[in-house]
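# Geometric and topological summary
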Amino acid sequence: MSATLLARDLAAGHGDRVLFSGLDLVVAPGDVVGLVGANGAGKSTLLRTLAGLVPPEQGTIRLNPPSATVGHLPQEPERRQGETVRQFLARRTGVAEAQHALDEATEALTEGRPGADDAYATALDRWLALGGADLEDRAADVVADVGLDVGLDQAMTALSGGQAARAGMASLLLSRYDIFLLDEPTNDLDLDGLDRLEKFVAGLRAGTVLVSHDREFLARTVTRVVELDFAQQQVNSYGGGYESYLEERAIARRHAREEYEEYADTRAALEARARTQRNWMDKGVRNARRKSSDGDKMAKKFRADATEKQASKVKQTERMIERLDAVEEPRKEWELRMEIAAAPRSGAVVATARAAVVRRGGFTLGPVDLQLDWADRVAITGANGAGKSTLLAALLGRIEPDEGQCALGSGVVVGEVDQARKLFFGEETLLDAFAAEVPDLVPADVRTLLAKFGLKAAHVLRPATSLSPGERTRAALALLQARGVNLLVLDEPTNHLDLPAIEQLESALASYSGTLLLVTHDRRMLDAVEVTRRLEVAEGRVTER
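Residues numbered from 1 in each chain as written. Predicted model: local features only at pLDDT ≥ 70, side-chain atom pairs only at ≥ 80, totals over all residues. Heavy atoms only, no water.

### Brief notes about the domain arrangement of the protein
Going by this rule: The split of the chain into domains comes from an automatic or database domain assignment. Each of two parts loses accessible area, computed with a 1.4 Å probe, when they are put together; buried area is these two losses added. Salt bridges, as used here, are contacts in which a Lys or Arg side-chain nitrogen is within 4 Å of a carboxyl oxygen on Asp or Glu. Polar contacts, as used here, are pairs of N or O atoms within 3.5 Å; protein pairs need one atom able to donate a hydrogen and one able to accept it. Residues neighboring in sequence count only if both atoms are side-chain atoms.
Segmenting the protein into domains produces domain 1 (1-68 + 178-240), domain 2 (82-176), domain 3 (265-323) and domain 4 (349-544). In terms of surface lost to domain 2, no three residues of domain 1 exceed Phe 180, Arg 196 and Phe 200, which account for 50% of the buried area on that side. Counting across the domain 1 and domain 2 interface gives two salt bridges. Among the ionic pairs, Arg 196 bridges to Asp 145, the shortest N-O distance being 2.8 Å. At the boundary of domain 1 with domain 2, the tally comes to one residue pair in polar contact (both at pLDDT 80 or more).

This is the structure we're talking about:
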């Protein structure tokens, strides 16, 4: 059905920190709203609020019609223990919940409970609208189409990262919600998956609100942009697509700065004039007192009149200051200023693979013959499940090849973002987890470094597992700055990072002088980062392009 979501005067916070307030949003059929803002600005919170998963602290959310279905697909989709691919797809499409409601309504109908007829009709309509009647048939076709070569009864926890990403894509393609709320749907998708996702979103008749840090995806899909500007505590809406938003935002920020500077200059000039006039008035009063014994009444009157005129001028200037329309100074946006600390140079040969073969279940990588030399900058691309992560694990010595050999060269110090993300996933505080990785740093220095990455007092004393994915990624990047590396391995580093942080990472990579292994499907990052070699991994084979 055609449905519209209407949000009015929404507000949300985290503890005593206000995330956003006064937010109005209308999502009509065919709208694709891109939700942007820094990590921690409240994007995921807003999606969860729109989905009805958390109550708004203020304001209202309404669906028209009220029976419309809303699908919230969160980042990092949960893989539940014992859940099969079939059950995962049913849960993510809303069919499992609708089936449960239909079963309860059917039982109530058979027992003749009051109102059971209406409840059954409502539950049946919802189940049908979500695609429950033919989900089984459609699931088999879609799973095959996205290249997920496992049975529907395979456990989700047994899937590789690439396979799980394909299952997530399949769940989206099978969904028939009236309103879609997509939180980082591009994470972990390969180029084929991104193409499918773009076509799916572009073809939706349903209204969509999505959060993504993939700049090319935003440019190709969104029809308008809502920005949660945490620094200014504002919610800004921009018509047009993503590129239009960038231009309009730059103009708006420049005008805001110019308006404030004009106000500040005018006020400063008036205040300086008032100070000068007061000084002249005070000088006139002092002179009048010194000459108070003078018998010339005319001179006395002249000095008194001059002093009164000066006092009148002071009051006039003060009224001009009061009548000025105050302009708030735009708060300076926090910026990540990232550097990647370099360890001493490694040997000339950084890593080698000689006739290396790795077998994992029914998948085989290799044989691989490869040599990485000092200062090589290598981009590794390939479809999900092609063997990129297996190749990295073998080169870094995390897994032993079944045939042949892999080895790291002398003096190699590895820094890896994907591995470091997993370090910050326990119950200990972020401060303790980070300090354990860099024991030479005192706690004060750890706090200072994390603050540079936007992780301040409110973050460092929280359990690491409570951090958002973007905040954990920032902590991983901070770790690269804390300890020198000469082999930098970035496995999908843009996942969960906000747009300013991605641009800063690209800038830091430009000045990094060591060896780089970059695995990414971010098309703009592949264009922005200078590389000297490109490796393509396809069906277990590694070729140089």
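Continuing now.
### Overview of the pattern of salt bridges
As a reminder of what qualifies: By definition, any uninterrupted DSSP run of H or I lasting at least four residues is a helix, any uninterrupted run of E lasting at least two residues is a strand, and each is numbered from the N terminus. Whether a residue is buried, partly exposed or exposed follows from its accessible area with a 1.4 Å probe, protein chains only, as a fraction of its type maximum: under 20%, in between, or over 50%, in that order.
Using the criterion set out here, one finds 31 salt bridges in the structure. We note a salt bridge from Asp 195 to Lys 199, for which the minimum N-O separation is 3.2 Å. In this pair, Asp 195 and Lys 199 both sit in helix H7 (residues 191-203), four residues apart, roughly one turn of the helix. By relative accessible area, which is 59% here, Lys 199 ends up exposed. Across the salt bridge formed by Arg 215 and Glu 506, the nearest N and O atoms sit 2.6 Å from each other. Of this pair, Arg 215 sits in helix H8 (residues 215-221) while Glu 506 sits in helix H17 (residues 499-511), placing them 291 residues apart in sequence. Neither residue differs from the other here; Arg 215 and Glu 506 are each classed as buried. Where salt bridges share partners, they join Glu 198, Asp 214, Glu 216, Arg 220, Glu 243, Arg 523 and Arg 524 into one cluster.

### A short note on the nonpolar core
Applied cut-off: Each nonpolar core is a collection of buried residues, namely Ala, Val, Leu, Ile, Met, Phe, Trp, Tyr and Cys, held together in the definition by side-chain atoms within 4.5 Å. Pairs of residues are marked as contacts when any of their non-hydrogen atoms sit within 4.5 Å.
In this structure, Leu 89, Phe 434 and Leu 488 are the most contacted members of the largest nonpolar core, which totals 84 residues. With residues near it in sequence (within four places) discarded, Leu 89 still touches Ala 139, Val 143, Leu 152, Ala 167, Ala 170, Ser 171 and Leu 174. Counting 26 residues, the second-largest nonpolar core is a separate cluster that includes Val 358, Val 368, Leu 370 and Ala 386.

### Digging into a negative patch on the surface
Keep this limit in mind: Here the term patch refers to residues with relative accessible area over 30% and no salt bridge, with like charges joined within 9 Å and nonpolar side chains (Val, Leu, Ile, Met, Phe, Trp, Tyr) within 5 Å. We get accessible surface area from the Shrake-Rupley algorithm with a probe of 1.4 Å; when it comes to residues, only the shown protein chains can shield them. We treat Lys and Arg as the positive residues and Asp and Glu as the negative residues; His and chain ends play no part in the count. One atom stands in for each charge, and that atom is NZ of Lys, CZ of Arg, CG of Asp or CD of Glu.
Side chains of Glu 259, Glu 261, Glu 262 and Asp 265 sit close together on the surface and give a patch of like negative charge. Structurally, Glu 262 is set in helix H9 (residues 242-290).

### Notes on helix H13 (residues 430-437)
Here is the rule: Of all possible arcs, the one meant is that of the directions from the helix axis to the C-beta atoms.
Where H13 is concerned, the buried positions are Leu 430, Leu 431, Ala 433 and Phe 434. The buried residues of H13 all sit within an arc of 165° when viewed along its axis, so they share a single face.

### Brief notes about the sheet that holds strand E7 (residues 207-211)
Put simply, the rule is: Pairing between strands requires that DSSP locate at least two bridges from one strand to the other. What counts as an axis is a line fitted to C-alpha atoms, over the stretch in contact for a helix, and the angles between N-to-C directions run from 0 to 180 degrees.
On the basis of which strands lie adjacent, the open sheet formed by six strands has the order E5-E6-E7-E3-E8-E9 and mixed pairing. In this open sheet, the two strands that pair with only one neighbour each are strand E5 (70-73) and strand E9 (234-239). Across the sheet, the axes of successive neighbouring strands diverge by a mean angle of 15°, strand direction being ignored. Summarising the sheet, strand E3 (residues 32-37) and strand E8 (residues 224-229) pair through five bridges and their orientation is parallel. Directly across from Leu 35, in E8, lies its bridge partner Val 226.

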